[in-house]
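Given next are the chains, with one letter for each unit.
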Amino acid sequence: MPLRHALKQPITLILAVAFMLRLGYGMGQDPLQPYDRAGSGGDEWWYLEFGFRQVVDVQMEPLSTAPLYVLLVGGIRWLFQPTSDEVVRIEAAEGGGPDVISVPGVPSVATVRVLRALQAVLSTATVYGVYSMTRLVSGQKQAGWVVSAILACSVAHIVLAAQIMTETLYLFLLSLGMAHYLHLTAAHKAKPIWHFALVGVWFGLATLTRAVVVLFPLGLALHALIVWRMGRKPTALTLRGMLLLLVVYTLVASSWTVYYRVRWEEWVIGAKGLPAFFFLGAQQGGWQGPEHTDEVVGATEEGVTSANYTDSATAIIRQSPLDYLQHRTRDLARATLQPFGTVTFPGDSVWGAFRLWWQTGHTLNGWGRVLTTDGFAPKLAIYIVQFSGMGLGVLGLWFGRKRWQVVLPLLGFIVYVNLVHFVLLALPRYLFPTVLFWWCLAGASVARLLQPTPHAQHDADEP
């Protein structure tokens with residue numbers, strides 16, 4: 001496509017807006033805030049500290065998480081870390097574990113700024129991935145423009161791109177892999193086999209970023225079997241291609257398993273921390289600090305092993321299976337109904353402010369106070385985007401039923417993530433990636449609302 005024609009496309013403007021919003025917000029945030037362990041209460045300091053340790057291999061214990069984002073953060077900090085002999089103590093909040101002496105030393109402002117700029121690019125690319133998938137689901141460009149514009153301006157995604165967390169890289173790789181696979185599914189003629197290898201690479205890298213997706217490529221293989229069995233239209237999916245996809249995916253994802261065995265003499269598939277999340281999901285009462293967890297699982301001077309977590313979780317389940325199922329159902333429901341990103345803003349929660357207004361007489365003046373609560377507007381915007389996406393996505397399952405071949409993998413991912421976090425700990429952050437695919441499904445509802453002209457019905461079949 002000629003550059004002049006590309007610049008006139010609405011998606012180009014949408015992507016430009018998405019990038020400027022993400023970059024502007026990220027550059028406007030304090031670059032030293034992620035290093036404040038006691039004040040922020042998040043994991044950003046951990047990625048900045050232990051990412052550097054992983055890259056230089058100094059004072060590094062066996063890594064419990066998937067490695068790719070840790071290495072990305074550590075590599076950038078290694079490049080931009082200023083030389084310093086100053087001893088820097090990373091202080092923990094009360095009950096948050098012992099203080100840590102920083103290996104790299106003084107905080108690196110350039111590291112955070114470079115990361116935020118890079119994540120602005122990755123998040124913008126994710127918006128394009130959503131546009132591409134939405135076209136396939138809806139059958140028209142216009143629905144893709146609408147959905148991508150909504151996510152371009154999504155407060156949660158704008159804020160997320162400025163945070164030193166795995167989600168931005170994970171969503172980028174996930175949307176890239178899914179979009180590429182859906183184009184193979186929708187294509188009516190054979191594609192070069194290297195396309196399947198690339199899909200395996202994207203999902204392999206996604207697994208190295210967030211291990212929770214480790215089994216999902218098997219779901220894609222099942223989807224391919226269903227398409228071959230039930231599909232009436234030609235597809236680029238082939239047996240040889242799917243085998244290559246799974247082989248390449250296994251090679252990429254298992255690279256961490258091999259390294260872990262050589263480096264720390266342990267066998268790990270996905271991430272070492274999965275048994276801990278299994279235990280935390282089984283434990284009622286929520287997270288109560290590292291000391292309480294160590295006490296419950298029976299930590300020794302040598303630390304806590306994966307077997308400790310698994311045995312403790314199994315004991316809880318055996319004690320009362322019904323209570324466990326009820327607890328996991330409530331936990332998953334709470335994580336679904338609480339949108340990710342609202343805690344970034346100060347003030348009461350949206351539901352908290354609304355309940356207080358209702359309990360105090362639900363007057364007009366009281367409603368005015370609700371609207372002026374700190375952070376109310378961005379929190380409300382996050383709620384609207386999440387729940388409208390889920391609602392329109394459910395309708396999109398019906399409106400997009402004739403394109404079930406491309407709808408099924410998106411629905412499959414949503415079901416897969418919910419099933420995984422029915423077993424593991426469920427938090428709004430962990431369910432947040434499903435919102436992306438709910439909006440892709442919502443494209444079919446948007447297409448119905450737009451009442452497209454007949455000639456626009458099949459333009460999404462183009463790669």
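Residues numbered from 1 in each chain as written. Predicted model: local features only at pLDDT ≥ 70, side-chain atom pairs only at ≥ 80, totals over all residues. Heavy atoms only, no water.

Caption draft 1: Just the overall build of the protein chain, in detail. Helix and strand content of the protein chain: 22 helices and 2 strands. Relative to its 463 residues, the protein chain shows a buried fraction of 48%. If you take every contact in the protein chain between residues at least 6 apart in sequence, the share linking residues at least 24 apart comes to 79%. Accessible surface computed for the protein chain: about 22500 Å², of which carbon and sulfur atoms make up 65%. In the protein chain, 33 positive and 28 negative side-chain charges are present, and the distance between their average locations comes to 20 Å. (Helix = DSSP H or I, 4+ residues; strand = E, 2+ residues; numbered from the N terminus. Buried < 20%, exposed > 50% of the residue type's maximum accessible area, 1.4 Å probe, protein only. Contact = heavy atoms within 4.5 Å. Areas by Shrake-Rupley, 256 points an atom, 1.4 Å probe, with all protein chains shown as cover. Lys, Arg positive; Asp, Glu negative; His and termini not counted. Charge placed at Lys NZ, Arg CZ, Asp CG, Glu CD.)

Caption draft 2: Summary view of unusual backbone geometry. A positive phi angle, close to 50°, is found at Q59, a residue other than glycine. For Q59, the position within the fold is in the loop between α4 (44-56) and α5 (68-80). Phi angles above zero are rare outside glycine, and E265 is one such case at about 55°. Examined against the element boundaries, E265 turns out to sit in the loop between α12 (239-264) and α13 (274-282). With a relative accessible area of 64%, E265 lands in the exposed category.

Caption draft 3: Representation of the packing of aromatic side chains within the structure. According to the stated counting rule, one finds 17 aromatic pairs in the structure shown. Centroid distance F203 to F216: 5.9 Å. Interplanar angle 45°. Geometry classified as tilted. Taken together, the residues F203 in helix α10 (residues 194-209) and F216 in helix α11 (residues 216-230) connect sequence positions 13 residues apart. Accessibility classification places F203 together with F216 in one group, the buried group. The lysine or arginine in question, R53, covers the ring of F50, its NZ or CZ lying 4.5 Å from the ring centre. One residue, R401, lies across the ring of W398, its end atom 3.8 Å from the ring centre. (Phe/Tyr/Trp six-rings, centres within 6.5 Å; stacked < 30°, edge-to-face > 60°. Lys NZ or Arg CZ within 6 Å of the ring centre and 35° of its normal.)

Caption draft 4: The arrangement of α13 in detail. When you tally the buried positions in α13, you get 7 out of 9 residues, the bulk of the element. Within α13, the full set of buried residues consists of P275, A276, F278, F279, L280, G281 and A282.

Caption draft 5: Just the state of the cysteines, in detail. Applying the stated criterion across every chain, the model contains 0 disulfides. Not engaged in a disulfide, the cysteine C153 finds its nearest cysteine sulfur in C440; these two sulfurs lie 16 Å apart. Overall, the relative accessible area of 0% leaves C440 in the buried class. (Disulfide = S-S within 2.5 Å.)

Caption draft 6: How the structure looks around the nonpolar core. With 107 residues, the main nonpolar core has M178, Y181, L410, F413 and F437 as its most contacted residues. Among the elements that take part in this core, helix α9 (residues 167-186) stands out by supplying 12 residues, more than any other. L15, A18, Y131 and A152 belong to the second largest nonpolar core, which has 7 residues in total. (Core = buried A, V, L, I, M, F, W, Y, C linked by side-chain atoms within 4.5 Å.)

Caption draft 7: Expanded view of the pattern of salt bridges. Tallying each qualifying case throughout the model produces 6 salt bridges. A salt bridge links R53 to E49; the shortest N-O distance between them is 2.9 Å. Of this pair, R53 and E49 both sit in helix α4, 4 residues apart, which is roughly one turn of that helix. Residue E49 is classed as buried on the basis of its relative accessible area, which comes to 1%. Put simply, R328 and D331 hold a salt bridge, and the shortest N to O gap is 2.5 Å. Here the residue R328 and the residue D331 both occupy positions in helix α16 (residues 321-337), the gap between them amounting to 3 residues, near one helical turn. Accessibility classification places R328 together with D331 in one group, the buried group. (Salt bridge = Lys/Arg side-chain N within 4 Å of Asp/Glu carboxyl O.)

Caption draft 8: Structural context of α11. With 15 residues, α11 ought to run about 21 Å at 1.5 Å a step, and its terminal C-alpha atoms sit 21 Å apart, in line with that. Every buried residue of α11 is listed here: F216, P217, L220, A221, H223, A224 and V227. The buried residues of α11 all sit within an arc of 160° when viewed along its axis, so they share a single face. Facing away from the buried side of α11 by over 90 degrees, the exposed positions are L218, L222, R229 and M230. Those residues of α11 hidden inside the fold are in contact with α9, α10, α12 and α20 (404-423). (Expected span 1.5 Å × (residues − 1). Arc of directions from axis to C-beta.)

Caption draft 9: Spotlight on the environment of Q338. Tracing the chain through its elements places Q338 in the loop between α16 and α17 (350-359). Overall, Q338 belongs to the partly exposed group, its relative accessible area being 26%. A polar contact of 3.4 Å, which involves the side chain of Q338, links it to the side chain of Y383. (Polar contact = N/O pair within 3.5 Å; in protein donor to acceptor, adjacent residues only side chain to side chain.)

Caption draft 10: Representation of the environment of G75. As for its position among the elements, G75 is in helix α5. G75 sits 368 residues away from G443 along the chain, and the two C-alpha atoms are 38 Å apart.

Caption draft 11: Seen up close, the packing of α9 against helix α22 (residues 433-450). Closest axis-to-axis distance for the α9/α22 pair is 10 Å, and the angle between their directions is 35°. The way α9 lies across α22 gives a crossing that is right-handed. Residues Y170, L171, L174, S175 and M178 of α9 touch α22, and the partners they reach there are P433, L436 and F437. The residue makeup of the contact of α9 with α22, split by class, is 7 nonpolar, 1 polar and no charged. (Axes fitted to C-alpha atoms, helices over the stretch in contact; angles between N-to-C directions. Left-handed = near helix turned anticlockwise from the far one by under 90°. Nonpolar A, V, L, I, M, F, W, Y, C, P; charged D, E, K, R; others polar.)

Caption draft 12: Molecular detail of the environment of H421. Residue placement: H421 occurs in helix α20. Considering only alpha carbons, one finds H421 and W45, 376 residues apart in sequence, at a separation of 25 Å. Contacts of H421, omitting those with residues within four sequence positions, involve V212, R328, L332, A426, Y430 and L431. Polar contacts involving the side chain of H421 include one to the main-chain carbonyl oxygen of L425, which spans 2.8 Å.

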